[in-house]
Amino acid sequence: MDEEADQTALWPDQIFGHLKRARVRQVGYVPDAGHSRLIQRCRDDPQIRDVVLTTEEEGVGLVCGAALAGERAALLMQSSGVGNCINAFSLLKNCGFSCLVLVTMRGEFAEFNSWQVPMASITEDCLRLSGFVLSRVEHEDEVDEIVGAACDMAFDGLTPIAVLLSQRLIGRKKWPK
Amino acid sequence: MAEVILHRREVVRRVLDDRGDLLVVTGLGAPAYDVAAAGDHALNFYLWGAMGSAAMIGLGLALAKPKLRVLVVTGDGEMLMGIGSLATIGVKQPGNLGILVLDNRRYGETGMQPSHTDSGVDIAAVAAACRFPVARRISTLAELDDARGLLHSTQGPVFIQAVVEPESVPRVLPPRDGNEIRLRFAQALDRIER
């Protein structure tokens, strides 16, 4: 399957700039087309330990372990990964850990694969019920402000926050004809 | 299978004896009680839920504190639920991380039903295949003495699967307030670094 995020878009670099400004030192992720440029920036940065996960729920433990040691961490995942995390998210509520999750949406705008839609349609509710404050980005010109605010809220306000990066922002997934 | 002579409380007590600044994360249930029975400590992070997360919490800690040793003490069922974590840890190769699995081949909290290891699923072999440079299955006191040294000082990640008697032992309950456990741990860690 041919999946290509727009490698010329600036917004992944803006997100990376905020992670650096916030002194994020660990980034957990499952490989993802929408986050590909941001993941590569993290992998290339000697100050950031990038941790490729087998499933997104591992990332919740990672964030909590880092926080126990006073280190800031962030999670990158696709909307489908949110469902994998639900029980692990109980760590945040039970122990008062903060968490920043950046979610690339599948299963909404111009989605060609109907199998992505059920999880996408409950992603926001799952996050909200799990104790997250939500922000949603529809357009590229909103990324900088919203992600910057989310970093402040997660790391200074100690509030679990998820930013949903819409499929419209990321770009239609191309389906090879 | 050879006769099991290791007892979980004794295994944990020996491993945690003279622990220094070891950072300890426990899986939920019996391993948390075993660690509490060895002596409650501010540098213990006990899980009461989030089954399958213990090893990854250990990884986050180990990456953040490369000069300190981190030990995850958990059960076979909890390790199986987070089995993919072994692959994730294998990628990062944290030299300061150890995992001690107390393998009683049972889900003790739910009525001692057999776990996958009871059917011969070999999780130490999984760890070895996931690039843990040390991955051992132990069942004797002599092996336990070696394993203690490996967990405390050998370049890891180290994986020890201790085959223990499937016995019920009295519960020794650790603190249950997650905020208290987190704050106490973070403050103690802050103190040893000053």
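Below is a summary of the structure that appears in this document. (Residues numbered from 1 in each chain as written. Chains lettered and ligands numbered in written order. Predicted model: local features only at pLDDT ≥ 70, side-chain atom pairs only at ≥ 80, totals over all residues.)

## Regarding helix H5 (residues 84-92) of chain B
In an α-helix, one turn spans 3.6 residues; hence positions three or four apart end up facing the same way. As a reminder, the rule being used: In this scheme the burial state of a residue depends on its C-beta neighbours within 10 Å: 20 or more other such atoms mean buried, 12 or fewer mean exposed, and anything in between means partly exposed; the C-beta positions come from the backbone. Helix and strand assignments follow DSSP, with helices taken as H or I runs no shorter than four residues and strands as E runs no shorter than two, numbered in order from the N terminus. What the arc covers is the set of directions going from the helix axis to the C-beta atoms. Think of it this way: build a C-beta for each residue from its backbone, and any pair within 7 Å is a contact.
When we look at burial in H5 of chain B, the residues that qualify are Ser85, Leu86, Thr88 and Ile89 of chain B. Around the axis of H5 of chain B, the buried residues are gathered within 160° of arc, so they sit on the same side. Looking at the packing, one finds that the buried side of H5 of chain B touches strand S2 (49-52) and helix H3 (57-68) of chain A together with helix H3 (54-64), strand S4 (97-103) and helix H6 (123-129) of chain B.

## Regarding the interface of chain B and chain A
Going by this rule: Each residue gets one of three labels, nonpolar for Ala, Val, Leu, Ile, Met, Phe, Trp, Tyr, Cys and Pro, charged for Asp, Glu, Lys and Arg, and polar for the others, Gly among them.
Counting residues at the interface gives 26 residues for chain B, matched by 28 residues for chain A. Elements that contribute at least two residues to the side of chain B that touches chain A include exactly H3, H5 and helix H8 (178-192) of chain B. Per element, the largest residue contribution to the side of chain B that touches chain A is eight residues, and it comes from H3 of chain B. Residue classes in the side of chain B that touches chain A are distributed as 14 nonpolar, nine polar and three charged.

## Side note on the packing of helix H1 (residues 11-21) of chain A against helix H2 (residues 36-44) of chain A
All names here are of chain A. We count it as follows: Fitting a line to C-alpha atoms yields each axis, with helices limited to the stretch in contact; the angle taken between N-to-C directions then spans 0 to 180 degrees. Throughout this description, any angle smaller than 35 degrees is read as roughly parallel, any larger than 145 degrees as roughly antiparallel, any in the 65 to 115 degree range as roughly perpendicular, and the remainder as oblique. Each crossing gets its hand from how the near helix is turned against the far one by less than a right angle, where anticlockwise is left-handed and clockwise is right-handed.
Running from N to C, H1 and H2 cross one another at 40°; their axes reach a closest spacing of 8 Å. Here H1 is positioned oblique relative to H2, judged by the angle of their axes. The two elements H1 and H2 cross, and the hand of that crossing is right-handed. Residues Pro12, Asp13, Ile15 and Phe16 of H1 lie in contact with H2, whose contacting residues are Arg37, Leu38 and Arg41.

## Describing the packing of helix H1 (residues 8-16) of chain B against helix H2 (residues 30-37) of chain B
Each pair of packed helices gets described by two things: the angle between the helix axes and the distance between those axes. Residue and element names in this part refer to chain B. Two elements in contact, H1 and H2, have axes separated by 9 Å at closest approach and are oriented at 55°. With respect to H2, the axis of H1 lies oblique. Considering only the axes of H1 and H2, their crossing is right-handed. Residues Arg8, Arg9, Val12 and Leu16 of H1 touch H2, and the partners they reach there are Ala30, Asp34, Val35 and Ala37. When the residues that make up the contact of H1 with H2 are grouped by side-chain class, the tally is five nonpolar, no polar and three charged.

## Some remarks on the sheet that holds strand S7 (residues 134-138) of chain B
Residue and element names in this part refer to chain B. The condition is simple: Pairs of strands are assigned from DSSP output, requiring at least two bridges between the strands.
Reading across the sheet, the six strands line up as S2-S1-S3-S4-S8-S7 and stay open at both edges, with parallel pairing between neighbours. Of all strands in the sheet, those bounded by a partner on one side alone are strand S2 (44-46) and S7. Ignoring strand direction, the axes of neighbouring strands in this sheet form an average angle of 15°. Bridge analysis of strand S1 (residues 23-26) against S2 gives three bridges, and the strand direction is parallel. Each residue of the ladder has a partner; that of Val24, found in S2, is Asn44.

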